[in-house]
Protein chains: 2
Amino acid sequence: MLVYLARWLILASVVGALAGLASAVLLLSLEWATDTRNAHRWLLWLLPLAGFAVGLIYHLLGKSVEGGNNLLIDEIHDPQRIVPKRMAPLILLGTVITHLFGGSAGREGTAVQMGGALADMVTRIGRLGPDERRILLMAGISAGFASVFGTPLAGAVFGLEVLAIGRLRYDAILPCFIAAIISDQVPALLGVHHTHYAIPLVPHFSIGIFAATLAAGIVFGLVGMVFAQATHGLSRLVKCLVKFPPLRPFVGGVAVLLLALLPGTDKYLGLGIPTIVEAFEKPLPLYDFAGKIVFTVVTLASGFKGGEVTPLFYIGATLGNALAQLLAMPIPVLAGLGFVAVFAGAANTPIASTIMAIELFGPEIGVLAGIACVVSYLFSGHTGIYHAQRIGHGKRGGKTDKTDSGIG
Amino acid sequence: MLVYLARWLILASVVGALAGLASAVLLLSLEWATDTRNAHRWLLWLLPLAGFAVGLIYHLLGKSVEGGNNLLIDEIHDPQRIVPKRMAPLILLGTVITHLFGGSAGREGTAVQMGGALADMVTRIGRLGPDERRILLMAGISAGFASVFGTPLAGAVFGLEVLAIGRLRYDAILPCFIAAIISDQVPALLGVHHTHYAIPLVPHFSIGIFAATLAAGIVFGLVGMVFAQATHGLSRLVKCLVKFPPLRPFVGGVAVLLLALLPGTDKYLGLGIPTIVEAFEKPLPLYDFAGKIVFTVVTLASGFKGGEVTPLFYIGATLGNALAQLLAMPIPVLAGLGFVAVFAGAANTPIASTIMAIELFGPEIGVLAGIACVVSYLFSGHTGIYHAQRIGHGKRGGKTDKTDSGIG
């Protein structure tokens with residue numbers, strides 16, 4: 001067992017260090033891209049061309065890695081071939097272009113794919129067998145997630161939890177924890193810091209707050225499901241209507257550009273961190289979550305790169321903000337609950353999301369976050385943003401006729 | 001899904017409220033028993049007779065519930081019959097007697113068994129089917145654990161995690177969370193409060209602290225395994241040597257009494273909360289953990305009642321205290337890590353234990369607790385304090401020739 005520990009300590013630390021470094025580069029690049037776009041608003045006019053560029057790059061060089069996160073999940077369940085090294089630089093480039101020109105996307109997909117690709121590089125160098133490879137890929141996912149959000153324990157559990165709905169296996173637990181914890185150290189060491197979200201006061205537990213959290217959890221789950229299904233649906237539609245792949249993000253870029261001509265929609269572009277922070281501080285328009293859904297679904301379904309999770313945080317925080325106004329609840333509390341719970345529903349990762357709430361907002365929110373994330377998870381259906389995710393067990397227990405099959 | 005939510009909200013809330021009430025009664029009774037014993041030290045001389053009484057009560061009335069926690073776990077995996085209602089009063093009585101006369105035992109077994117028995121009472125009244133019964137029993141375990149320790153999220157995950165090694169299913173996630181969260185409210189509402197353990201300062205992550213945590217995690221896991229195997233081994237031996245069951249705890253009581261005649265062993269009797277608190281504050285003798293192991297193994301293996309977890313907290317905290325002295329690390333930090341990690345190894349519940357560390361000691365300890373608990377879990381072998389626990393997956397991944405079989 002000592003040999004096992006030493007071996008995985010080294011392998012997972014290497015993956016963690018590499019993934020952490022990659023996340024630091026990503027975070028710095030996105031900061032630059034966002035600052036540059038804010039300083040030069042005209043860049044948005046080039047979004048369709050930027051989309052065409054991203055599409056062309058993936059069409060010419062990236063067909064083997066287009067699956068992205070789903071490719072990683074598929075490889076873990078059912079190893080077919082190696083994850084091409086090019087996944088890491090391509091997704092980084094695609095994401096930076098997406099954000100520089102104003103696409104509404106996230107970054108966890110990028111971090112996770114870089115982590116996975118780097119993990120598979122370590123697999124090849126270390127000549128690992130298929131069982132060990134599977135585990136190292138999971139560690140790469142954990143490490144990417146942990147370091148891009150600054151949430152080591154949530155990242156560790158995310159890598160274990162994301163592969164299947166309703167089931168969690170522990171055989172990768174040590175590598176996932178080590179890789180996530182090491183990777184989380186790297187951005188901080190390089191002076192890259194994460195946004196701080198503040199929930200100044202969590203009310204004491206009461207029937208009222210319990211009921212409000214349950215009700216909000218239902219809405220969070222339904223919205224998470226709508227987001228996931230809208231993205232998959234529009235993606236299929238775009239593939240059907242536009243046959244030449246590089247043209248898809250071009251068309252998507254045109255659509256985002258037209259949408260952004262509407263007044264007040266500027267804040268739905270890019271990562272949207274300032275609006276997420278605002279959602280913890282003051283009442284926002286009730287429809288902000290819907291605006292962000294439209295912008296993100298169009299951006300991602302048409303082929304831009306980045307990921308879904310930061311937009312889901314945005315959607316959740318602004319939706320929580322709106323629900324707080326409707327339910328007469330404290331705005332920061334419901335913004336924080338929405339932040340984690342819409343993601344919990346859309347990604348089917350209730351335990352990682354609950355832990356994330358504690359890591360980001362403090363332990364006082366833990367119980368409410370647990371309720372919101374679990375209820376959201378139950379109400380988001382047997383689908384999610386990662387269509388390669390398997391169904392381990394039906395969410396309500398008992399039978400599901402799709403057990404252990406893909407959910408695409 | 002709304003019907004599902006409403007149904008389980010009611011069922012789990014009822015189980016949570018009942019289990020929380022039972023835990024409050026238990027906590028108050030144990031406070032009384034401990035205070036009384038401290039005020040009347042001569043009660044210890046009656047420990048053998050008290051043991052005979054506990055043994056006789058279980059021999060006459062409790063044969064059907066002697067399995068305790070293992071009976072509950074078995075019923076969840078493989079439902080055979082109902083959990084007798086008498087489990088709750090018998091375990092409460094047995095535990096209070098054990099503590100009143102100085103036996104070294106815990107209380108989570110009692111809380112969990114009361115939670116399970118009350119859950120099965122709700123099952124019968126609500127005429128639930130076998131699938132729903134299984135889930136409500138898990139909610140009862142979660143609720144008992146959550147309310148006796150004041151750790152709602154750790155309790156919720158414990159109920160999901162304890163059934164099998166290396167695997168976690170989500171189909172009971174809503175009932176477990178609801179029951180745990182509701183039950184945790186009850187003792188506080190009744191003015192029953194939990195002990196507070198303080199870790200004033202957690203050092204920043206460094207290679208040194210990482211290495212020390214890994215090394216400590218190995219020791220925590222091995223000690224957890226030794227504790228579990230010693231308890232099972234001595235229990236088999238006692239059953240072999242002493243044929244009349246009520247005599248077993250009598251003999252055990254004599255042994256504990258003789259051990260307690262040695263100077264300075266007083267602190268190994270009972271729950272031992274004052275020593276656990278001290279372990280966070282100042283250097284203690286390096287052998288305290290071993291003393292507590294001996295007293296607890298003799299007490300529990302001979303048939304006294306209570307549970308293993310608070311003694312495991314004691315063993316872990318004092319062992320961490322000793323390791324801190326040897327490794328020149330901060331005493332409160334290693335005491336806190338030992339507190340959760342020996343338990344994580346002995347019960348095979350690394351995620352619940354990590355969450356427990358955050359709930360009890362604050363989020364700063366989270367990453368170190370995660371490492372210590374996962375490493376301890378890996379080093380504690382494919383066995384544990386609950387012999388009914390199944391092996392879902394081997395801890396190191398790959399094959400285990402005992403998959404999906406009992407581990408007794």
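Residues numbered from 1 in each chain as written. Chains lettered and ligands numbered in written order. Predicted model: local features only at pLDDT ≥ 70, side-chain atom pairs only at ≥ 80, totals over all residues. Heavy atoms only, no water.

1. Some remarks on the interface of chain B and chain A
Where the parts come together, the accessible area they lose is often given as the size of the interface. At the junction of the two partners, chain B supplies 48 residues and chain A supplies 48 residues. Overall, the association of chain B and chain A removes approximately 4,600 Å² of surface from exposure, summing both partners, and the carbon and sulfur fraction of that is 81%. Among the residues chain B hides against chain A, the three largest losses belong to Met1(B), Tyr170(B) and Arg396(B). Together they make up 15% of the total. At the junction of chain B and chain A, the tally comes to 0 salt bridges. Applying the counting criterion to the chain B and chain A interface returns 7 residue pairs in polar contact (both at pLDDT 80 or more). At the level of secondary structure, the elements contributing two or more residues to the side of chain B that touches chain A comprise helix 1 (2-39), helix 7 (152-161), strand 2 (167-169), helix 8 (173-189), helix 9 (207-241), helix 15 (350-361) and helix 16 (366-379) of chain B. Top contributing element to the side of chain B that touches chain A by residue count: helix 16 of chain B, with 9 residues. Here the side of chain B that touches chain A is built from residues that sort into 31 nonpolar, 9 polar and 8 charged. (Contact = heavy atoms within 4.5 Å. Buried area = accessible area lost by both parts, 1.4 Å probe. Salt bridge = Lys/Arg side-chain N within 4 Å of Asp/Glu carboxyl O. Polar contact = N/O pair within 3.5 Å; in protein donor to acceptor, adjacent residues only side chain to side chain. Helix = DSSP H or I, 4+ residues; strand = E, 2+ residues; numbered from the N terminus. Nonpolar A, V, L, I, M, F, W, Y, C, P; charged D, E, K, R; others polar.)

2. A closer look at unusual backbone geometry
All names here are of chain B. The residue Arg127 is not glycine, and still its phi comes out positive at about 50°. Inspection of the secondary structure assignment puts Arg127 in the loop between helix 5 (108-125) and helix 6 (130-149). Judged by relative accessible area, Arg127 falls into the exposed class, the value being 76%. The phi dihedral of Asn348 is positive, around 60°, even though this residue is not glycine. Considering the arrangement of structural elements, one finds Asn348 in the loop between helix 14 (331-347) and helix 15. A relative accessible area of 1% places Asn348 in the buried class. (Buried < 20%, exposed > 50% of the residue type's maximum accessible area, 1.4 Å probe, protein only.)

3. Examining the side chain of Thr95(B)
Residues and elements named next belong to chain B. Topologically, Thr95 is positioned in helix 4 (residues 87-100). Within the structure, Thr95 has its side chain in polar contact with the backbone oxygen of Ile91 (distance 2.6 Å). Setting aside its immediate chain neighbours within four residues, Thr95 contacts Leu26, Leu30, Gly106, Thr110, Lys305 and Gly306.

4. A few points about the pattern of salt bridges
Side chains bearing opposite charge may pair, as long as their charged atoms lie close to each other. Here the structure, examined in full by the defined rule, presents 16 salt bridges over all chains. Here Glu75(A) ties to Arg133(A) by a salt bridge, and the two come within 3.0 Å at their closest N and O atoms. Highlighted residues: Glu75(A) in helix 3 (residues 69-77) and Arg133(A) in helix 6 (residues 130-149), separated in sequence by 58 residues. A single burial state applies to Glu75(A) and to Arg133(A), both of which are buried. With a closest N to O distance of 2.7 Å, Asp171(B) and Arg134(B) form a salt bridge. Here Asp171(B), found in the loop between strand 2 and helix 8, pairs with Arg134(B), found in helix 6; they are 37 residues apart in sequence, far enough to count as distant. A relative accessible area of 1% means that Asp171(B) is categorised as buried. What you see here is one network of salt bridges that share partners, running through Glu75(A), Asp120(A) and Arg133(A).

5. Remarks on the relation of the copies chain B and chain A
Both copies of the chain are related by a screw-like operation: a rotation about an axis and a shift along it. When chain B is fitted onto chain A, the two copies agree to an RMSD of 0.0 Å after a turn of 180° and an axial shift of 0.0 Å. Read as a symmetry element, the transformation amounts to a two-fold axis. For chain B, the residue whose C-alpha comes nearest the rotation axis is Leu168(B), separated from it by 2.5 Å. Taken as a fraction of all interface residues of chain B, those also at the interface in chain A reach 100%, which identifies the copy contact as same-surface. (Least-squares fit on C-alpha atoms with pLDDT ≥ 70 in both.)

6. Remarks on the environment of Ala357(B)
Residue and element names in this part refer to chain B. Checked against the element boundaries, Ala357 lands in helix 15. Taking the C-alpha atoms as reference points, Ala357 and Ala341, 16 residues apart in sequence, are found 9.1 Å from one another. Setting aside residues up to four positions removed in sequence, Ala357 forms contacts with Val340, Gly362, Ile365 and Ala369.

7. Quick word on the packing of helix 9 (residues 207-241) of chain A against helix 14 (residues 331-347) of chain A
All names here are of chain A. Between helix 9 and helix 14, whose axes approach to 8 Å, the crossing angle comes to 45°. As summarised for this structure, helix 9 and helix 14 are arranged oblique, according to the angle between their axes. When the axes of helix 9 and helix 14 are compared, the crossing they make is right-handed. For the pair helix 9 and helix 14, contact is made by Thr213, Ala216, Phe220 and Gly224 and by Leu334, Leu337, Gly338, Ala341, Val342 and Ala346, respectively. (Axes fitted to C-alpha atoms, helices over the stretch in contact; angles between N-to-C directions. Parallel < 35°, antiparallel > 145°, perpendicular 65-115°, else oblique. Left-handed = near helix turned anticlockwise from the far one by under 90°.)

8. Notes on the nonpolar core
The biggest cluster of nonpolar side chains holds 302 residues, and the ones touching the most others in it are Phe339(A), Phe361(A), Phe339(B) and Phe361(B). Look past the residues within four positions of Phe339(B) in its chain and what remains in contact with it is Tyr197(B), Ile276(B), Phe280(B), Leu312(B), Phe313(B), Gly316(B), Ala317(B), Leu360(B) and Phe361(B). (Core = buried A, V, L, I, M, F, W, Y, C linked by side-chain atoms within 4.5 Å.)

9. Overview of the packing of helix 9 of chain B against helix 12 (residues 288-301) of chain B
Residues and elements named next belong to chain B. As a packed pair, helix 9 and helix 12 sit with axes 9 Å apart at the nearest point and diverge in direction by 35°. Crossing angle aside, the handedness with which helix 9 passes helix 12 is right-handed. Taken together, the residues of helix 12 that come into contact with helix 9 (itself represented by Val223, Phe227, Ala230, Thr231, Leu234, Ser235 and Val238) are Phe289, Ile293, Thr296, Val297, Val298, Leu300 and Ala301. Classifying every residue of the contact of helix 9 with helix 12 gives 11 nonpolar, 3 polar and no charged.

10. Structural notes on the domain arrangement of chain A
Residues and elements named next belong to chain A. Looking at the assigned domains, one finds that chain A contains domain 1 (2-189) and domain 2 (207-391). Taken together, the contact between domain 1 and domain 2 spans 51 residues of the former and 52 residues of the latter. Note on domain 1 versus domain 2: buried area summed over both sides is about 4,300 Å², and carbon and sulfur give 67% of it. On the domain 1 side of the interface with domain 2, the three residues burying the most area are Ser104, Glu161 and Ile165, jointly 17% of the side's total. Run the count over domain 1 and domain 2 and you get 2 salt bridges. Linking Asp266 and Arg41 is a salt bridge whose minimum nitrogen-to-oxygen distance equals 1.9 Å. Viewed at the interface, domain 2 and domain 1 are joined by 24 residue pairs in polar contact (both at pLDDT 80 or more). For the side of domain 1 that touches domain 2, the secondary structure elements donating two or more residues are helix 1 (2-39), helix 2 (47-61), helix 3, helix 4 (87-100), helix 5 (108-125), helix 6, helix 7 (152-161) and strand 1 (164-165). (Domains from an automatic or database assignment.)

11. Quick look at the packing of aromatic side chains
Applying the stated criterion to the full structure yields 34 aromatic pairs over all chains. Connected via pairs of aromatic rings, a cluster forms that spans Phe145(A), Phe149(A), Phe158(A), Tyr197(A), Phe280(A), Phe313(A), Phe339(A), Phe343(A), Phe361(A) and Tyr386(A). Lys292(B) extends its terminal NZ or CZ atom over the ring of Tyr314(B), reaching a point 4.6 Å from the ring centre. Between Lys395(B) and the ring centre of Tyr377(B), over which it is positioned, the NZ or CZ distance is 4.3 Å. (Phe/Tyr/Trp six-rings, centres within 6.5 Å; stacked < 30°, edge-to-face > 60°. Lys NZ or Arg CZ within 6 Å of the ring centre and 35° of its normal.)

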